[in-house]
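Understanding the architecture of this molecule
Single-letter residue listing:
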Amino acid sequence: MEYYGTLGPACGSVQTLKEMLAAGMTGVRLNLSHGDLEENGHWIRMVQEAGRELHSQVQILMDLRGPELRLGRFKEEIQAEEGSWLVLGDGGLPVPEEALAYVCPGDRILIDDGKVELEAEAGAAPSAGGCRITARVVRGGLIKSGKSLAIEGKAVPMPTLTESDRKNIRAAVSYGITGVMLPFVRNKEDLLALREALKEAGAGEIQVFAKIENMQGVESIKELLPYCDHVVIARGDLGNAMPLWKLPGVQKRLARECREEGKPFMVVTQMLDSMHERAVPTRAEVLDIYNAVLDGASSLMLTGETAAGSYPVQAVEYLVNTGEEALRDMEEA
């Protein structure tokens with residue numbers, strides 16, 4: 001069983017990373033949605049130093065941008081109040097024009113894994129700087145640069161790899177990257193494009209992790225399995241693609257498909273979400289980890305809990321201890 005944490009300010013020291021590795025963390029994820037490998041090289045150097053000091057071989061995954069929709073960059077965070085109105089696009093929140101073109105009146109627009117929900121007043125309207133829409137805030141919250149964006153029930157066509165992705169792939173070997181995570185995998189062509197880019201970069205040995213984050217990926221799971229090394233059940237954006245009460249069944253379905261084909265799979269997102277602020281997780285979170293292992297997960301990952309939470313080391317301890325307990329119980333059953 002592999003246990004991953006996500007790099008970020010909360011674990012931004014060699015000492016903290018050493019404590020996380022000592023607690024059982026076996027690998028890390030570097031989210032490249034907010035910068036490329038060169039800009040984030042200090043994180044990798046810290047991980048490698050921590051690993052050397054503990055004589056530990058650490059898996060390093062880079063999470064590409066891929067065909068994911070995200071907000072652009074803006075200077076100050078925005079506190080969106082319920083019932084207020086926001087402009088998206090020209091003159092407002094920076095949103096890819098590809099996404100605006102698909103917005104219709106009444107569409108639900110989800111930001112940051114659905115933490116903020118908007119309702120479009122109308123479709124995109126031309127403006128001096130491109131196009132824009134106005135939307136009402138249905139569920140308020142803090143909006144930050146680079147956060148995920150989704151239009152519920154709609155798939156916006158995007159290229160598999162951005163230019164930034166290709167640059168990072170070319171540099172992957174020199175940074176010691178062991179695995180590449182491709183977000184929003186839709187079909188086998190996405191995975192073939194990634195493998196071709198890795199091959200061209202002399203990085204063909206790097207493992208491919210296919211992130212399932214929309215219904216296209218769910219429905220294509222059987223065709224995807226031969227073209228990836230690992231499946232990632234990424235429940236954040238996947239939960240935006242359906243009513244949340246349907247998500248458990250979809251996770252179980254994906255796990256079953258992977259088990260039947262002998263494909264390793266990872267479960268990720270909000271596994272210990274309460275540990276952003278609390279030193280002890282909820283009982284439900286611990287059960288979630290335990291059940292993921294019973295369902296056959298080969299790896300588990302923490303995201304914001306280690307990147308931006310108050311208790312990154314304790315979160316790893318709970319993740320690892322719960323996972324190992326589940327493995328022991330499975331052996332004794």
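Residues numbered from 1 in each chain as written. Predicted model: local features only at pLDDT ≥ 70, side-chain atom pairs only at ≥ 80, totals over all residues. Heavy atoms only, no water.

Digging into the overall build of the protein
Going by this rule: Starting at the N terminus, helices and strands are each numbered in turn, a helix being any DSSP run of H or I of at least four residues and a strand any DSSP run of E of at least two. Whether a residue is buried, partly exposed or exposed follows from its accessible area with a 1.4 Å probe, protein chains only, as a fraction of its type maximum: under 20%, in between, or over 50%, in that order. Between two residues, a contact is recorded if the distance between any of their heavy atoms is within 4.5 Å. Each accessible area is a Shrake-Rupley estimate made with a 1.4 Å probe; only the visible protein chains count as cover when residues are assessed. The charge count treats Lys and Arg as positive and Asp and Glu as negative. His and the chain ends do not count. Note that the charge is assigned to NZ on lysines, CZ on arginines, CG on aspartates and CD on glutamates.
Along the protein, the regular secondary structure elements total 12 helices and 16 strands. Across its three principal axes, the protein shows a C-alpha extent of roughly 60 × 45 × 40 Å. By the burial criterion, 52% of the 333 residues in the protein qualify as buried. Restricting to contacts in the protein with at least 6 residues of sequence separation, those with at least 24 account for 73%. By element, 50% of the accessible surface of the protein is carried by carbon and sulfur atoms, the whole surface being about 14800 Å². When the 35 basic and 50 acidic side-chain charges of the protein are each reduced to a single mean position, those positions are 1 Å apart.

Examining empty space enclosed by the protein
Note the cut-off: Definitions used throughout: a 1 Å grid over protein atoms alone; a cavity as a set of points that fits a 1.4 Å probe which cannot get out; a pocket as an open set with protein on both sides within 12 Å along at least five of seven lines; a lining residue as one with an atom within 4 Å of a point. Grid points are joined across faces, edges and corners, and a volume is the space filled by probe spheres set on the points. Each residue gets one of three labels, nonpolar for Ala, Val, Leu, Ile, Met, Phe, Trp, Tyr, Cys and Pro, charged for Asp, Glu, Lys and Arg, and polar for the others, Gly among them.
On inspection of all chains with the given rule, the structure shows one cavity of 30 Å³ or more. Approximately 30 Å³ is the volume found for the largest cavity. Taken together, L88, V95, A99, L100, V103, I109, L149 and I151 make up the lining of the largest cavity. Mapped by element, the contributors of at least two residues to the lining of the largest cavity are α3 (97–100) and β11 (149–151). Here the residues of the lining of the largest cavity are counted per class, giving eight nonpolar, no polar and no charged.

Notes on the pattern of salt bridges
Applicable threshold: Each salt bridge in this description consists of a side-chain nitrogen of Lys or Arg and a carboxyl oxygen of Asp or Glu lying within 4 Å of one another.
On inspection of all chains with the given rule, the structure shows 17 salt bridges. Across the pair K18 and E53 runs a salt bridge whose closest N-O atoms are separated by 2.8 Å. One end of the pair, K18, is in helix α1 (residues 14–22); the other, E53, is in helix α2 (residues 41–53), with 35 residues separating them in the sequence. Each of R108, E117, R139 and E152 takes part in salt bridges that share partners, so that together they form one network.

Here we look at helix α12 (residues 312–332)
Test applied: In this analysis, the expected span of each helix is defined as 1.5 Å times one less than the number of residues it contains.
Taking 1.5 Å per residue as the helical rise, α12 with its 21 residues ought to reach 30 Å, and the 31 Å between its terminal C-alpha atoms agrees with that figure. Among the residues making up α12, those that are buried are P312, V313, A315, V316, L319, V320, T322, G323 and A326. Here the buried face of α12 lies against β1 (2–6), α1, α10 (283–294), β16 (299–301) and α11 (304–307).

Things to note about α2
Count 3.6 residues to each turn of an α-helix, and residues three or four apart come out pointing the same way. Its 13 residues give α2 an end-to-end C-alpha distance of 19 Å, which sits within 8% of 18 Å, the value for a rise of 1.5 Å per residue. Burial in α2 covers these residues: G41, W43, I44, M46, V47, A50 and G51. Among the structural elements, α1, β2 (27–31) and β3 (59–63) are those in contact with the buried residues of α2. Downstream of α2 by one or two residues, H55 has phi in the positive range, about 55 degrees.

A word on the packing of α1 against α2
Rules: Working convention: axes come from line fits to C-alpha atoms, limited for helices to the stretch in contact. Angles between N-to-C directions cover 0 to 180 degrees. Geometric relationships in this document are graded by angle, where less than 35 degrees denotes roughly parallel, more than 145 denotes roughly antiparallel, 65 to 115 denotes roughly perpendicular, and other angles denote oblique. Crossings are sorted by hand: turned counterclockwise from the far helix by less than a right angle, the near helix makes the crossing left-handed, and turned clockwise it makes it right-handed.
Two numbers describe how α1 lies on α2: the axes approach to 9 Å, and their chain directions differ by 55 degrees. In terms of orientation, α1 and α2 fall into the oblique class. When you trace α1 past α2, the crossing you get is right-handed. In this structure, α1 contributes V14, L17, K18 and L21 to the contact, and α2 contributes M46, V47, E49, A50, G51 and E53. When the residues that make up the contact of α1 with α2 are grouped by side-chain class, the tally is six nonpolar, one polar and three charged.

Structural notes on the environment of G72
Tracing the backbone through its elements, the reader meets G72 in the loop between β3 and β4 (78–80). Classification of G72 by relative accessible area gives partly exposed; the value is 23%.

Some points on the layout of surface pockets
To find leftover empty space, one rolls a probe the size of a water molecule over the atoms. Approximately 1200 Å³ is the volume found for the largest pocket. N31, H34, D112, K147 and G304 are the residues nearest the centre of the largest pocket, which is lined by 49 residues in total. Among the elements of the structure, β2, β10 (141–143), α8 (235–238) and α11 are those that each provide at least two residues to the lining of the largest pocket. When its residues are assigned to classes, the lining of the largest pocket shows 16 nonpolar, 15 polar and 18 charged. Here the second largest pocket is characterised by a volume of approximately 520 Å³. Forming the boundary of the second largest pocket are 24 residues, of which R235, G239, L244, L247 and Q270 lie nearest the centre. Looking at the lining of the second largest pocket element by element, the count peaks at four residues for helix α9 (residues 247–261). Classifying every residue of the lining of the second largest pocket gives seven nonpolar, eight polar and nine charged.

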